[in-house]
Amino acid sequence: MTNHLTFSLLSGALSIGIFVSSFAYGQTAQFLNKTIQTNDEQTVSFAKQTLMDRLFGFEQFSAAFTQQVIDEEKNIIQEGQGNLAVKKPNLVYWQTTSPEETLIVSDGATLWFYDPFIEQASAYQVNASVADTPILLLTSTDPTLWRKYSVSQSGGDSFLIHSNDANSRVQTLELQFLSGSSTLKQFSLLDSTGQLSLIQLSNVDSTSEIEPSLFQFILPEGSDLDDQR
């Protein structure tokens, strides 16, 4: 669909709502007692429910990011930075400012990739793009969609999201929150090529209103369109 840096930048960034309430904890425990047969499965399922409870409280956020892309030999092969905004459901604005300018916009129905250097935009259906763009996954609490992923938890502030599809381009996404907080501080993405992307967030703002026009893409005059919808 596009290069590794663009895909890894899409791996997500968000400020998510409150930790599990006592009510949600009780409801989750009752559900697990009825459906989970082993301790290992119970741990994994509880981790997923805990993460989804955090996602349930999330409505929107904006942030700045920096990124490193690391190859299998642990060499830094690319660094980048930019700005992003996310709003439910499935609205994304991701602008990379360096090393090259790129723009990714989801209006809820279409996912747009725009490269101003070659003056070309590509358009994809959002529903068909979730597997390669985990940030779209993180704007959804749809149980049907989440059944395609497993979640484990390391301590209280780190979650690992694993694709259940061995052929998925995105294999693992790790989210790390500030200690004792619901604010995401960084995340990492491992793709099927063995490349690891480390993304650090700053200036996370989940309270200021985001203009709806930010999530509308208009093809610049003179640019080509590769329409894959």
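Rules and cut-offs
Per chain, residues are indexed from 1 in the order of the written sequence. In keeping with the model being predicted, local features are shown solely for residues with a pLDDT of at least 70 and side-chain atom pairs are shown and tallied solely at 80 or more, while totals for entire chains, interfaces and linings include all residues. Water and hydrogen atoms play no part in the side-chain values, which are based on all heavy atoms of the structure. Per the convention used, a helix needs a DSSP run of H or I reaching at least four residues, while a strand needs a run of E reaching at least two, with both numbered from the N terminus. To measure how exposed things are, a 1.4 Å probe is used in the Shrake-Rupley method; for residues, cover is taken only from the protein chains shown. DSSP calls a pair of strands paired once it identifies at least 2 bridges connecting them. Note on geometry: axes are C-alpha line fits, over the in-contact stretch for helices, and angles between N-to-C directions span 0 to 180 degrees. Here, nonpolar core refers to any group of buried Ala, Val, Leu, Ile, Met, Phe, Trp, Tyr and Cys residues whose side-chain atoms link them within 4.5 Å. Burial classes: relative accessible area under 20% of the type maximum marks a residue as buried, over 50% as exposed, and values in between as partly exposed (1.4 Å probe, protein chains only). Contacts are assigned to residue pairs with any non-hydrogen atoms lying within 4.5 Å of each other. Definition of a polar contact: a pair of N or O atoms within 3.5 Å, with one able to donate and the other able to accept a hydrogen when the atoms are protein atoms, and with sequence-neighbouring residues admitted only if both atoms are side-chain atoms. What pLDDT conveys is the predictor's confidence in a given residue, as a value from 0 to 100. The pairing test for Phe, Tyr and Trp rings, Trp by its six-membered ring, is centres within 6.5 Å, and the orientation test on the planes gives stacked under 30 degrees, edge-to-face over 60, and tilted for anything in between. Think of it this way: Lys and Arg go in the positive column, Asp and Glu in the negative one, and His and the chain ends go nowhere. A pair is scored as a salt bridge if a Lys or Arg side-chain nitrogen falls within 4 Å of a carboxyl oxygen belonging to Asp or Glu.

Undergrad: Looking at this model, I keep getting lost on the overall build of the protein chain. Mind explaining?
TA: Across its full length, the protein chain holds five helices and 12 strands. About 11,700 Å² of surface is accessible on the protein chain, with carbon and sulfur atoms providing 49% of the total.

Undergrad: Just checking my understanding: could you explain the sheet that holds strand S10 (residues 184–191) for this structure?
TA: Through backbone hydrogen bonds, the strands of a sheet pair up, either in parallel or in antiparallel fashion. In spatial order, the strands read S7-S8-S9-S10-S11-S1-S2-S3-S4-S5-S6-S12; together these 12 strands make up an open sheet with mixed pairing. Two strands bound the open sheet, and with one partner strand each, they are strand S7 (149–154) and strand S12 (224–227). Strand-to-strand twist in this sheet, taken as the mean axis angle between neighbours without regard to direction, amounts to 20°. Note: strand S5 (residues 110–115) against strand S6 (residues 120–125), six bridges, orientation antiparallel. When the bridges of S6 are listed, Asp115 appears paired with Gln120.

Undergrad: Just checking my understanding: could you explain the pairing of strand S2 (residues 76–87) for this structure?
TA: Along a regular strand, successive side chains alternate from one face of the sheet to the other. Bridge count between strand S1 (residues 60–70) and S2: 11 bridges; the pairing is antiparallel. Bridge pairing links Ser62 to Ala85 in S2. Hairpin connection from S1 to S2: five residues lie between these consecutive antiparallel strands, with Lys74 at a positive phi of about 65°. Pairing geometry for S2 and strand S3 (residues 91–98), over seven bridges, is antiparallel. Residue pairing across strands places Lys87 opposite Leu91, the latter belonging to S3.

Undergrad: Which parts of the structure should I look at to understand the nonpolar core?
TA: The tendency in soluble globular proteins is for nonpolar side chains to be buried side by side. Grouped together as the largest cluster of nonpolar side chains are 30 residues, with contacts concentrated most on Leu51, Leu84, Trp146, Ile161, Leu175 and Phe187. The next biggest cluster of nonpolar side chains, apart from the first, holds 12 residues, and it includes Leu91, Tyr93, Trp112 and Ala121.

Undergrad: Hey, could you run me through the environment of Tyr114 in this one?
TA: Here Tyr114 lies in strand S5. Tyr114 gets classed as buried once you look at its relative accessible area, which sits at 12%. The spatial distance from the C-alpha of Tyr114 to the C-alpha of Pro220 is 9.5 Å, given a sequence separation of 106 residues. In this structure, Tyr114 is in contact with Thr102, Leu103, Glu119, Gln120, Ala121, Phe217, Pro220 and Ser223, ignoring residues within four places of it in sequence. Of the polar contacts made by the side chain of Tyr114, one reaches the side chain of Ser223; its length is 3.0 Å.

Undergrad: Looking at this structure, how should I read the confidence of the model for the protein chain?
TA: Atomic detail in the predicted coordinates should be set aside for any region of low pLDDT. For the protein chain, the average pLDDT comes to 76, and 74% of its residues sit at 70 or higher. Averaged pLDDT values for the elements of the protein chain fall to 32 in helix H2 (residues 22–35) and rise to 96 in S12.

Undergrad: Any chance you could explain the packing of aromatic side chains here in plain terms?
TA: Following the criterion strictly, the structure yields five aromatic pairs and no others. With a centroid separation of 5.9 Å and 85° between ring planes, the pair formed by Phe159 and Phe177 is classed as edge-to-face. A residue pair is termed long-range when its members are at least 10 positions apart, and Phe159 in strand S8 (residues 158–163) and Phe177 in strand S9 (residues 170–177) qualify at 18 residues. There is no split in this pair, since Phe159 and Phe177 are both buried. Taken together through their ring pairs, the aromatic side chains of Trp112, Tyr114 and Phe217 make up a single cluster.

Undergrad: What is the right way to look at the side chain of Asp71 in this model?
TA: Here Asp71 shows up in the loop between S1 and S2. Buried charge without a partner: Asp71 forms no salt bridge, and the closest opposite charge is Lys74, 8.4 Å away. At a separation of 2.9 Å, a polar atom in the side chain of Asp71 contacts the main-chain amide nitrogen of Glu73. With residues near it in sequence (within four places) discarded, Asp71 still touches Ile77 and Gly194.

Undergrad: Help me understand the pattern of salt bridges in this model?
TA: When the charged atoms of two side chains with opposite charge come close together, those side chains can pair. Counted according to the given criterion, the structure contains two salt bridges. Between Asp227 and Arg229 there is a salt bridge, and its shortest N-O distance comes to 2.6 Å.

Undergrad: Please explain unusual backbone geometry as it appears in this structure.
TA: Excluding glycine, residues mostly have negative phi values, and the peptide bonds linking residues are mostly trans. Here the residue pair Lys88 and Pro89 is connected by a cis peptide bond, since its omega of -5° sits within 30 degrees of zero. The topology assignment puts Pro89 in the loop between S2 and S3. In this structure, the amide linkage connecting Ser98 to the following residue, Pro99, adopts the cis form with an omega of 5°. With respect to the element layout, Pro99 can be found in the loop between S3 and strand S4 (102–107). The backbone of Lys74 sits at a positive phi, close to 65°, despite the residue not being glycine. Relative to the assigned elements, Lys74 resides in the loop between S1 and S2. What makes Lys74 exposed here is its relative accessible area of 71%. The phi angle at Asn203 is positive, at roughly 55°, despite the residue not being glycine. Judged by its relative accessible area of 67%, Asn203 is exposed.

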